[in-house]
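# Examination of the molecular architecture
Here's the letter readout for the chains.
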Amino acid sequence: MKTTRTTYISKIATELKPSGIRRFFDLAAGMEDVISLGVGEPDFVTPWHIREAAINSLERGITSYTPNAGIIELREEIANYMKSTFDVEYCPKSEIIVTVGASSAIDMAMRTLLDPGDEVIVVEPCFVSYVPMVELAGGVAVKVQATKEHDFKIQASQLEGAITPKTKAIMLCSPNNPTGTMLNREELQAIANLAIEHDLLIIADEIYAELSYDEEYTSMAAMDGMRERTILVSGFSKSFAMTGWRLGFVCSPVEISSAMLKVHQYSLLCASTMSQYAAVEALRNGRPDIDEMVKSYRRRRNFIVQSFNEIGLTCHEPGGAFYAFPSIESTGLSSQEFAEQLLMKESVAVVPGDVFGESGEGFIRCSYASSLEQLQEAVKRIKRFIDSL
Ligand code: PLP
């Protein structure tokens, strides 16, 4: 006989910690006049022609399940897009799966690859879901810290030091959430060489690939010898401003893809049908929208990075995504204290860097996917807060 309801809950779910980001949303929820630099999503509405494609699909009565891997038109468009944008070829019939956001692609990859005790090297600071997803799949997340000394670019030597006979994969994200750091071709090559030498897979979360501001983006799968050992995760949430549509995709070599498809088929069946029709339109005609959004994010990145440096919060220039990750060490506060006091005193919500991993302590994540006016006001309030300390 189970005595309380909590005793029904599995050990693994009991031990999961709630996301540190949520706590700040909850704190900010009841407050007025809050400027939020906390949310990790575009401030754009999905472009109209993409919304219209979904409406059209509904008007045509297309409301049933799709094939497990997604409608073939979409997989073909994804294959064209991957070839023309990132120079990587995938077979639409056997190497691409349409998923419920990049989130389900990462979950599916972990559940497909990991046996109990298998290790995945996770580069921190990172998206808050990686470690829980490894653990929920029965694996062990071996955390490696990217640090400010290298502008949060992980060094191949650090990764090498974390490899054990149980390592199966390295989880990598570029451009990165929360640091905005983007790895260039040489830096990717050093990691690729390591993966090849130690016979490892790389799970490359490239969801921010389109949002790169200075250099041309290079996909891990485009590096020599890496197509065969990369599980490339991407999606529509960030680049097409489609977070609510819950649509992503994963490209991988056929053997891995067919194993992942079994997990996907039993757990999710297929991604949302109308979202898939919207995504076909996004890939066929959405290039000008991306270009416009990138131009706007670049302008805002330049503003916020310069402003943080001017008010004494040292901030490296993030090459991509829409996050600035300034240091708050000069204030003498921990990142939790800084974020909490800033919210209470000046009604600006940011995310404390330590929720993304140990090396995030001493930093805050500020999303600049807000209007320039809001960013200007936020900087003014942050300056007033720092001056008051
Ligand atoms: N990967 C990274 C690095 C992210 O920052 C996010 C969302 O914030 C996701 C994946 C999840 O994306 P999706 O909305 O496609 O599930």
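Residues numbered from 1 in each chain as written. Predicted model: local features only at pLDDT ≥ 70, side-chain atom pairs only at ≥ 80, totals over all residues. Heavy atoms only, no water.

### Focus on the environment of Pro318
The cut-off we apply is this: A run of H or I in DSSP counts as a helix once it spans at least four residues, and a run of E counts as a strand once it spans at least two, with each numbered from the N terminus.
Position of Pro318 relative to the elements: it lies in the loop between α11 (287-310) and β9 (323-324). Sequence spacing of Pro318 and Glu210 is 108 residues, and the spatial spacing of their C-alpha atoms is 14 Å.

### Focus on the domain arrangement of the protein
Counted only if it meets this: Those domain boundaries reflect an automatic or database domain assignment. Two residues qualify as a contact provided that any one of their heavy atoms is within 4.5 Å of a heavy atom in the partner residue. Buried area: the accessible surface (1.4 Å probe) lost by two parts on joining, summed over both. Take a side-chain nitrogen of Lys or Arg and a carboxyl oxygen of Asp or Glu: if they are within 4 Å of each other, that pair is a salt bridge. For the purposes of these results, a polar contact is taken to be a pair of N or O atoms within 3.5 Å, where, inside protein, one atom must be able to donate a hydrogen and its partner to accept one; residues adjacent in sequence count only when each atom of the pair is a side-chain atom. Nonpolar residues are Ala, Val, Leu, Ile, Met, Phe, Trp, Tyr, Cys and Pro. Charged residues are Asp, Glu, Lys and Arg, and all others, Gly as well, are polar.
By the assigned domains, the protein splits into domain 1 (5-46 + 288-388) and domain 2 (48-285). Centre-to-centre, using C-alpha coordinates, domain 1 lies 24 Å away from domain 2. Residue-level contacts link 37 residues of domain 1 with 39 residues of domain 2. Here domain 1 packs against domain 2, burying approximately 3,200 Å² in sum over the two surfaces, 61% of which is carbon and sulfur. Linking domain 1 with domain 2 are 2 salt bridges, by the criterion used here. At the junction of domain 1 and domain 2, the tally comes to 22 residue pairs in polar contact (both at pLDDT 80 or more). Considering each element in turn, the side of domain 1 that touches domain 2 owes the most residues, 8 residues, to α11. For the side of domain 1 that touches domain 2, a count of residues per class yields 20 nonpolar, 9 polar and 8 charged.

### Some remarks on the sheet that holds strand β11 (residues 351-352)
Put simply, the rule is: Pairing between two strands is assigned when DSSP locates at least 2 bridges connecting them.
Read across the open sheet, the 3 strands follow the order β9-β12-β11; overall the sheet is antiparallel. Two strands close off the open sheet at either side, each with one partner strand: β9 and β11. Relative to strand β12 (residues 364-367), β9 runs antiparallel, the two sharing 2 bridges. Within β12, the residue paired with Ala324 across the bridge is Cys366.

### With respect to the environment of Val134
Take Val134: it is sitting in helix α6 (residues 130-136). Once you skip the residues sitting within four places of it in the chain, Val134 turns out to touch Met110, Leu114, Val120, Val122, Gly139, Val140 and Ala141.

### Some details on the state of the cysteines
Heads up, the rule is: Note on terminology: pairs of cysteine sulfur atoms within 2.5 Å are recorded as disulfides. Summary of the burial criterion: residues with accessible area below 20% of their type's maximum are buried, those above 50% are exposed, and those between are partly exposed, where the area comes from a 1.4 Å probe applied to protein chains only.
Applying the stated rule across the entire model yields 0 disulfides. In this structure Cys315 is not part of a disulfide, and its nearest cysteine sulfur, from Cys366, lies 7.8 Å away. Cys315 gets classed as buried once you look at its relative accessible area, which sits at 7%.

### Observations regarding the site of the ligand
The cut-off we apply is this: The nearness test applies per residue and asks whether one of its heavy atoms lies within 4 Å of the molecule or strand. All accessible areas in this document rest on Shrake-Rupley with a 1.4 Å probe, and a residue is counted as covered only by the protein chains that are shown.
Taken together, 13 residues sit near the ligand, with Ala102, Ser103, Asp205, Ser237 and Lys238 positioned nearest. Within the side chain of Tyr208, an N or O atom sits 2.8 Å from an oxygen atom of the ligand. Note that an oxygen atom of the ligand is positioned 2.8 Å from one of the side-chain N or O atoms of Arg246. The protein chains hide 92% of the 400 Å² of surface that the ligand would expose on its own.

### Brief notes about the layout of surface pockets
Inclusion rule: Whether a set of points on the 1 Å grid over the protein atoms alone is a cavity depends on a 1.4 Å probe fitting there but being unable to get out, while an open set qualifies as a pocket with protein on both sides within 12 Å along at least five of seven lines; lining residues are those with an atom within 4 Å of a point. Grid points are joined across faces, edges and corners, and a volume is the space filled by probe spheres set on the points.
Within this model, the largest pocket holds a volume of roughly 730 Å³. Lining of the largest pocket is provided by 29 residues; of these, Gly40, Ser103, Phe127, Ser129 and Lys238 occupy positions nearest its centre. Listed by contribution, the elements that provide at least two residues to the lining of the largest pocket are α2 (20-29), α5 (101-113) and α6. Residues belonging to the lining of the largest pocket are distributed by class as follows: 14 nonpolar, 9 polar and 6 charged. Here the second largest pocket defines a volume of roughly 510 Å³. When residues of the lining of the second largest pocket are traced back to their parent elements, those giving at least two are α2 and α6. Per element, the largest residue contribution to the lining of the second largest pocket is 4 residues, and it comes from α6. Residue composition of the lining of the second largest pocket, by class: 10 nonpolar, 3 polar and 8 charged. Here the lining of the second largest pocket spans two domains, since at least three of its residues come from each of domain 1 (5-46 + 288-388) and domain 2 (48-285).

### What to know about the pattern of salt bridges
Scanning all chains against the criterion turns up 23 salt bridges. Note that Lys153 is salt-bridged to Glu187, the shortest N-O span being 3.2 Å. On the criterion of sequence distance, the pair formed by Lys153 in the loop between β4 (140-145) and α7 (156-162) and Glu187 in helix α8 (residues 185-197) is long-range, its members being 34 residues apart. The residue Arg381 makes a salt bridge to Glu377 at a minimum N-O spacing of 2.9 Å. Of this pair, Arg381 and Glu377 are both found in helix α13 (residues 372-388), 4 residues apart, which corresponds to roughly one turn of the helix. Via salt bridges that share partners, Asp33, Glu377, Lys380 and Arg381 belong to a single interconnected network.

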